[in-house]
Amino acid sequence: MSTTTPSLEPARGRSDAPQVHNNYIGGRWVKARSGETFPSVNPANTSEVVGHFAASGPEDVKAAVDAAARAFPTWRRTPPPARADIILRASHILETRKEEIARAMVREMGKVIKEARGDVQEAIDMAKYMAGEGRRLFGHTCPSELPDKFAMAVRAPVGVVGLITPWNFPVAIPSWKMFPALVAGNTVVFKPASDTPLCALMLVEVMIEAGLPPGVLNFVTGSGGKVGMPIVEDPRVRAISVTGSCSVGRQIAGRCGELMKRISCELGGKNAICVMEDADMDLVLEGAVWGAFGTAGQRCTAASRIIVHRDRYKEFLDKFVARTSALKLGYGLEAGVDVGPVINKGQLASVNEYVEIGKKEGARLVCGGKIRDDGELGKGCFHEPTVFADVKPDMRIAQEEIFGPVTAVIPVDSFEQAIEVANGTEFGLSLSMYTRDVNRAFKAMEELESGIVYINAPTIGAEIQLPFGGVKQTGNGHREAGITAVEQFTEWKAIYVDYSGRLQKAQIDTHPAKKAD
Ligand code: UN1
């Protein structure tokens, strides 16, 4: 393994003007072959350019896959604990740069500073966990049916893997994929969302500084069509891990199916908090506001439905609306701001369209509902935190992922009905139950159809040591994080060692023919 570590990108930090940033391929910062760039802007003030990034195409992807394929044999043979040492160093560098990266994240993605720090912390946590994985990567042994024969299953890396990541957790989610992929011995081509390339680039810088050899991690910015799909198509890329919208996920998964390629998808959610008549209302309110409007509702796990027992419905609604209308919208670096902008103008229009749909469907708009185009807020993509009441479970605003600060409050008459409504969407990422009844809590854990269940906590707040992912249309059966994270990035190899010195036939020698046969 080469010990030379390439320097940080030379262009960074030399002036106040937005920098032009390159791809990182084979240990070098290189321009897109086209020579073109695209801007990344601040969603709280769209006239502020955060940086310019390489508008790459298939030829850049090819160069990145070439580099990853060249680096693979050496990286594969590097002992996992040595690979893990680099990831552990990355955790320390992330700790040192946490505030700087978090502040860049607020500028580029819009979430408020406290949450941005949490996003970077999630990557630090993941780095520490995956560094430990370097000394586990457990396989298993089992007895052979024959004497003098040993049986075991070990993990092998898949090869070159393509990571396609979203903008809503622009450091955390790449880390969920990159760290397990690397510790397991794969080399990586990483395409971040075009709304948050700066955050992704900072993570790449951290990995370089931590000592990752050239070619092991390659970074290519650009559109899904010109960069994402060519990564999927390249026959040398053996696995794809994507987090994004259902339509993108379906397109990629479909193509990977045809190409017989490993694919793990983490897609939409229509998560719900259920509030039973015995719930602690203060706890519910705090959780519901955080679950629905944290990250301006732009989490796969956001509580976009709140299902409330009719006995507490009015009380909940009045207090929830009061708390929601007190939330302060604004730029996430300013003190006292609770909710930032949505990611871009397209998303703003889409959120507002759902508000119109909700009104037309006959849901009662009780809070918010408007795009803010006044004053400072008018410079960015701000949408008021919005609450619809009296929502029917089959309305579109109760079925489709909005990915913005809009939540639908649905009254129900019983615990059983709450569970039925909670389960009644095509998604199954995160569901929550507020109750003080231990029997109901356990029943809910059993009956809620989702990859993540919370009791007396909102739908957001997953920790990296447990599996993350969902059922139904949320994904295709994979889980990120925790002990499951390495599954998508390793192949099982079953190994039999026969030390008997003779040919032993499984299934046959163990059941010799009877004399009469
Ligand atoms: C996402 O919603 O896209 O559980 C990821 C949470 C965070 C991760 C969310 N730890 O809300």
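About the criteria used
Residues numbered from 1 in each chain as written. Predicted model: local features only at pLDDT ≥ 70, side-chain atom pairs only at ≥ 80, totals over all residues. Heavy atoms only, no water. 1 Å grid on protein atoms, 1.4 Å probe; cavity = no way out; pocket = protein on both sides within 12 Å on 5 of 7 lines; lining within 4 Å. Points joined across faces, edges and corners; volume = space filled by probe spheres on them. Nonpolar A, V, L, I, M, F, W, Y, C, P; charged D, E, K, R; others polar. Core = buried A, V, L, I, M, F, W, Y, C linked by side-chain atoms within 4.5 Å. Buried < 20%, exposed > 50% of the residue type's maximum accessible area, 1.4 Å probe, protein only. Helix = DSSP H or I, 4+ residues; strand = E, 2+ residues; numbered from the N terminus. Domains from an automatic or database assignment. Contact = heavy atoms within 4.5 Å. Buried area = accessible area lost by both parts, 1.4 Å probe. Salt bridge = Lys/Arg side-chain N within 4 Å of Asp/Glu carboxyl O. Pairing = 2+ DSSP bridges. Expected span 1.5 Å × (residues − 1).

The subject of this paragraph is empty space enclosed by the protein. One pass over the structure, following the stated rule, counts six cavities of 30 Å³ or more. In this structure, the largest cavity spans a volume of roughly 80 Å³. Lining of the largest cavity is provided by 14 residues; of these, Gly 297, Arg 299, Ala 302, Ser 304 and Phe 403 occupy positions nearest its centre. Split by residue class, the lining of the largest cavity holds seven nonpolar, five polar and two charged.

It is worth spelling out the nonpolar core at this point. Counting residues in hydrophobic clusters, the biggest one holds 76 residues, and the most contacted among them are Leu 94, Met 178, Phe 179, Leu 182, Phe 190 and Met 207. By residue number, the principal contributor to this core is helix α2 (residues 80-109), which donates twelve residues. Counting residues domain by domain, this core receives three or more from each of domain 1 (20-137 + 161-267 + 475-483) and domain 2 (272-455). Setting aside its immediate chain neighbours within four residues, Phe 179 contacts Ile 87, Leu 94, Ala 123, Met 126, Ala 127, Met 130, Leu 203 and Met 207. In this structure, Ala 279, Phe 293, Val 339 and Tyr 434 belong to the second largest nonpolar core, which totals 33 residues.

Further remarks concern the environment of Ala 457. Mapped onto the elements of the fold, Ala 457 is located in the loop between β20 (452-455) and β21 (471-472). Residues Ala 457 and Gly 287, 170 residues apart in the sequence, show an inter-C-alpha distance of 6.1 Å. Apart from the residues within four sequence positions on either side, Ala 457 is in contact with Ser 432 and Tyr 434.

Here the focus is the domain arrangement of the protein. One can read the domain layout of the protein as domain 1 (20-137 + 161-267 + 475-483) and domain 2 (272-455). Computed from C-alpha coordinates alone, the two centres of domain 1 and domain 2 are separated by 30 Å. With 23 residues of domain 1 in contact, the opposing surface of domain 2 contributes 27 residues. Both sides of the domain 1 and domain 2 interface together cover about 2,000 Å² of buried area, and 62% of this is carbon and sulfur. The largest contributions to the domain 1 side of the interface with domain 2 come from Ala 44, Glu 115 and Trp 167, which together make up 24% of the buried area. At the surface where domain 1 touches domain 2, the tally comes to one salt bridge.

Moving on: the pairing of strand β5 (residues 45-54). Looking at chain direction, strand β1 (residues 20-21) and β5 are connected through two bridges and run parallel. Pairing of Val 20 across the sheet is with His 52, part of β5. With six bridges joining them, strand β4 (residues 37-42) and β5 adopt antiparallel strand pairing. Residue pairing in the sheet places Asn 42 in a bridge with Asn 45 of β5. The turn linking β4 back onto β5 is made up of two residues.

This brings us to the pattern of salt bridges. Applying the stated rule across the entire model yields 31 salt bridges. The salt bridge partner of Asp 119 is Lys 111, with a shortest N-O separation of 2.7 Å. As a salt-bridge pair, Glu 446 and Lys 443 come within 3.5 Å of each other at their nearest N and O atoms. Here Glu 446 pairs with Lys 443, and both are found in helix α12 (residues 438-447), just three residues apart, close to one helical turn. With a relative accessible area of 57%, Glu 446 lands in the exposed category. Linked through salt bridges whose partners overlap, the residues forming this network are Lys 62, Asp 66, Asp 234 and Arg 236.

The next subject is unusual backbone geometry. Despite not being glycine, Met 260 shows a phi value in the positive range, around 55°. We note that Ala 481 has phi near 65°; this positive angle belongs to a residue other than glycine. Secondary-structure assignment places Ala 481 in the loop between β21 and β22 (490-498).

Before going further, it helps to spend a moment on α2. Look at α2: only 34 Å from first C-alpha to last across 30 residues, short of the 44 Å you get at 1.5 Å a residue. Just downstream of α2 lies Gly 110, where phi reads positive at about 105°.

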